[in-house]
Amino acid sequence: MTNSATSHLLPVFARADLGFERGEGCWLIATNGERYLDFTSGVAVNALGHCHPYLVAALQEQATKLWHMSNLFKSPDGERLAARLCEQSFADFVFFANSGAEAMECAIKVTRKYHAAKGHPERYRIITFDGAFHGRTLATLAATGSPKYLEGFGPPVDGFDQVPLGDLDAVKKAIGPQTAGILIEPLQGEGGVRAAPHAFFKALRQLCDDKGLLLVFDEVQTGMGRTGELFAHKRLGVTPDVMSLAKALGGGFPIGACLATAEAASGMTPGSHGSTFGGNPLAVAAANAVLDVMLKPGFFEHVQKMSLLLKQKLASVVDRHPDVLAEVRGEGLLIGVRAVVPSGDLVTALREQNLLTVGAGENVVRFLPPLIVTEAEIEDSVQRLDRACVKLSGGQLKRAAGQ
Ligand SMILES: *Cc1c(COP(=O)(O)O)cnc(C)c1O
């Protein structure tokens, strides 16, 4: 697949033999001239599709004004973005970073420092859940806890206690005198579009309140409209103390954010954290433009409507091809189809139908269309899935017949 003889990119990704030079809305145009329906959205990043005219204009305008200046000075547009994110959420303060893992690093530091500043530096441990994904830095890998990602990189960063998702007794047992907080994704993306019941999140909130712990939501993938609300936790009816955002925040321009209440952020003082690029004016302009579009009346209603349509249509394909597909799950436009065949085979078969999707844990294939996807594009994607299933079940039949 990869051309290791000529590529100088560090071979940490198993890249498909396909490259793109242009994007328009939900479509990508490959270097071979073919058009692909993009239901990866750059892994939940291009929420407004490719080259959304409003985002292009915002970035072009900013590019003629100011690209970068240091956090030694005030940032009027950064102030505005932070104020808007706080107005839309539980938070009082925002720290801007450049990626999801960095936003999570900040969330972990905020959680630890909160207790240290209150005279309890021994409270640094954070409870996490199996199937989680929080990033690829050393600390976020330790929080992720997956042995296959940790192996070979020395002792994992100490301070994370992983328990089974949805197991409240296990959470209670894991809480000790060193516990600082609980970290969870409202809906696991990489883990396979896996959700815990709403009641579980309510119970976690209660536990945190009872024990003086901070509740941290990793909304790097679920945030910014992906699940049909600006933030996924709005649908849970549970509010965290700290939240990380990234992926769709800049609509394709790299930016991450850590949001916190004034109380949760009370340990963070000048010098306790920082970033050279965090809050970069281009990134902030992109994120402000994303918010302009998402906060227009009807935006989330559209996402919810498309979600329902996609789920219904996918369910009918699952019914038609029980030898290939098993189940549809997820919320908003973070939809997973659990496969019977190896999920990698399904991703490949879909790519051969010019439909791009992303694998996830539990043998799931993620359908992550841009949130601006139309009914016609959803119909189109489902027809491509149907054709891929016909091919895959033909292969199954051949294998079963010993051919
Ligand atoms: C993608 C992701 C991250 C990591 O984001 P990066 O920008 O790749 O560092 C963290 N948490 C969740 C839930 C994610 O989906």
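### Some points on a nonpolar patch on the surface
Among the surface-exposed residues, Leu10, Val12 and Phe13 lie close enough to one another that they form a single nonpolar patch of about 360 Å² accessible area. Assessed through its relative accessible area of 54%, Phe13 is described here as exposed.

### Structural notes on the layout of surface pockets
What the second largest pocket holds in volume is close to 900 Å³. Taken together, 29 residues form the lining of the second largest pocket, with Phe93, Val94, Phe95, Phe96 and His273 sitting closest to its centre. Only α3 (76-87), β4 (93-97), α4 (100-117) and β10 (256-260) provide two or more residues apiece to the lining of the second largest pocket. Class assignment for the residues of the lining of the second largest pocket results in 15 nonpolar, 11 polar and 3 charged.

### Comments concerning α4
The terminal C-alpha atoms of α4, which comprises 18 residues, lie 25 Å apart, in line with the 26 Å expected from a rise of 1.5 Å per residue. Among the residues of α4, those classed as buried are Gly100, Ala101, Ala103, Met104, Cys106, Ala107, Ile108, Val110, Thr111, Tyr114 and His115. Taking the backbone nitrogen of Glu102 as reference, a side-chain oxygen 3.2 Å away marks Ser99 as the first, capping residue of α4. At the C-terminal side of α4, Gly119 shows a positive phi close to 90°.

### What to know about the site of the ligand
Around the ligand, the surrounding shell consists of Ser99, Gly100, Ala101, Phe133, His134, Gly135, Glu185, Asp218, Val220, Gln221 and Lys247. For the ligand, a nitrogen atom lies 2.7 Å from a polar atom in the side chain of Asp218. At 2.7 Å, a side-chain N or O of Lys247 approaches an oxygen atom of the ligand. Burial of the ligand by the surrounding chains reaches 81%, relative to a free accessible area of 390 Å². Among the residues forming the shell around the ligand, the class breakdown is 3 nonpolar, 5 polar and 3 charged.

### Remarks on helix α11 (residues 299-320)
The end-to-end C-alpha separation of α11 is 32 Å, in line with the 32 Å expected for 22 residues at 1.5 Å each. Within the sequence span of α11, burial applies to Phe299, Phe300, Val303, Met306, Ser307, Leu309, Leu310, Leu314, Val317 and Val318.

### Brief notes about the pairing of β10
Of all 5 residues that make up β10, 5 are buried, and the element is covered over most of its length. Side chains Gly256, Cys258 and Ala260 of β10 all project onto a buried face; the interleaved residues Ala257 and Leu259 project onto the opposite face, where all are buried too. The sheet contact formed by β4 and β10 spans 5 bridges and is antiparallel. Residue Ala97 lies in a different strand from β10, and its bridge partner there is Gly256. Two elements, strand β9 (residues 242-245) and β10, share 4 bridges in a ladder whose sense is antiparallel. Bridging across to β10, Val242 finds its partner in Ala260.

### Let's talk about the packing of helix α2 (residues 53-63) against helix α10 (residues 281-294)
Axes are the key here: two packed helices are described by the angle between their axes and the distance separating the axes. Here α2 crosses α10 at 150°, and the two axes come no closer than 9 Å. Of the possible angle classes, the one that applies to α2 and α10 is roughly antiparallel. Of the two possible hands of crossing, α2 and α10 adopt the one that is right-handed. Along the contact surface, α2 presents Tyr54, Leu55, Ala58, Leu59, Gln62 and Ala63, while α10 presents Pro281, Leu282, Ala285, Ala286, Ala289, Val290, Asp292 and Val293.

### A word on the domain arrangement of the protein chain
Interface size is often expressed as the accessible area that is lost when the parts come together. Domain boundaries in the protein chain define domain 1 (20-51 + 298-400) and domain 2 (66-294). Computed from C-alpha atoms alone, the centre-to-centre distance between domain 1 and domain 2 is 28 Å. Taken together, the contact pairs 28 residues of domain 1 with 25 residues of domain 2. In total, domain 1 and domain 2 occlude about 2,200 Å² of area from one another, counting both sides; carbon and sulfur atoms represent 59% of this. Sorting the residues of domain 1 by area buried against domain 2 places Phe300, Glu331 and Leu334 first, and these three jointly supply 29% of that buried surface. The interface formed by domain 1 and domain 2 includes 3 salt bridges.

### Observations concerning the packing of aromatic side chains
Each aromatic ring pair is specified by the distance between its two centres and by the angle formed by the two planes. Within the structure shown, the criterion is met by 7 aromatic pairs. Ring centres of Phe39 and Phe367 lie 6.4 Å apart, and the angle between their planes is 80°; this geometry places the pair in the edge-to-face category. Taken together, the positions of Phe39 in the loop between β3 (35-38) and α1 (41-44) and Phe367 in strand β15 (residues 364-367) put the pair 328 residues apart, joining distant regions of the chain. Across this residue pair, the class does not change: Phe39 and Phe367 are buried. Ring geometry for Phe129 against Phe200: centres 5.7 Å apart, planes inclined by 85°, an arrangement best described as edge-to-face. In this pair, Phe129 is assigned in strand β5 (residues 125-129) and Phe200 in helix α8 (residues 198-211), connecting sequence segments 71 residues apart. Comparing Phe129 with Phe200 shows no difference in burial state: the two are buried. Grouping aromatic residues by their ring pairs yields a cluster made of Phe129, Phe200, Phe201 and Phe217. The aromatic ring of Tyr149 is capped on one face by Arg136, whose charged end is 4.0 Å from the ring centroid. Over the ring of Tyr54 we find Lys296, and its NZ or CZ is 5.6 Å from the ring centre.

### What to know about the confidence of the model for the protein chain
Summarising the model, the protein chain shows a mean pLDDT of 96, and 97% of its residues fall at 70 or more. Ranking the elements of the protein chain by mean pLDDT puts helix α13 (residues 375-400) last with 88 and strand β8 (residues 214-218) first with 99.

Calculation rules
- Residues numbered from 1 in each chain as written.
- Predicted model: local features only at pLDDT ≥ 70, side-chain atom pairs only at ≥ 80, totals over all residues.
- Heavy atoms only, no water.
- Patch = residues over 30% accessible without salt bridge, like charges linked within 9 Å, V, L, I, M, F, W, Y side chains within 5 Å.
- Areas by Shrake-Rupley, 256 points an atom, 1.4 Å probe, with all protein chains shown as cover.
- Salt bridge = Lys/Arg side-chain N within 4 Å of Asp/Glu carboxyl O.
- Buried < 20%, exposed > 50% of the residue type's maximum accessible area, 1.4 Å probe, protein only.
- 1 Å grid on protein atoms, 1.4 Å probe; cavity = no way out; pocket = protein on both sides within 12 Å on 5 of 7 lines; lining within 4 Å.
- Points joined across faces, edges and corners; volume = space filled by probe spheres on them.
- Helix = DSSP H or I, 4+ residues; strand = E, 2+ residues; numbered from the N terminus.
- Nonpolar A, V, L, I, M, F, W, Y, C, P; charged D, E, K, R; others polar.
- Expected span 1.5 Å × (residues − 1).
- Polar contact = N/O pair within 3.5 Å; in protein donor to acceptor, adjacent residues only side chain to side chain.
- Near = heavy atom within 4 Å.
- Pairing = 2+ DSSP bridges.
- Axes fitted to C-alpha atoms, helices over the stretch in contact; angles between N-to-C directions.
- Parallel < 35°, antiparallel > 145°, perpendicular 65-115°, else oblique.
- Left-handed = near helix turned anticlockwise from the far one by under 90°.
- Contact = heavy atoms within 4.5 Å.
- Domains from an automatic or database assignment.
- Buried area = accessible area lost by both parts, 1.4 Å probe.
- Phe/Tyr/Trp six-rings, centres within 6.5 Å; stacked < 30°, edge-to-face > 60°.
- Lys NZ or Arg CZ within 6 Å of the ring centre and 35° of its normal.
- pLDDT = per-residue confidence, 0-100.

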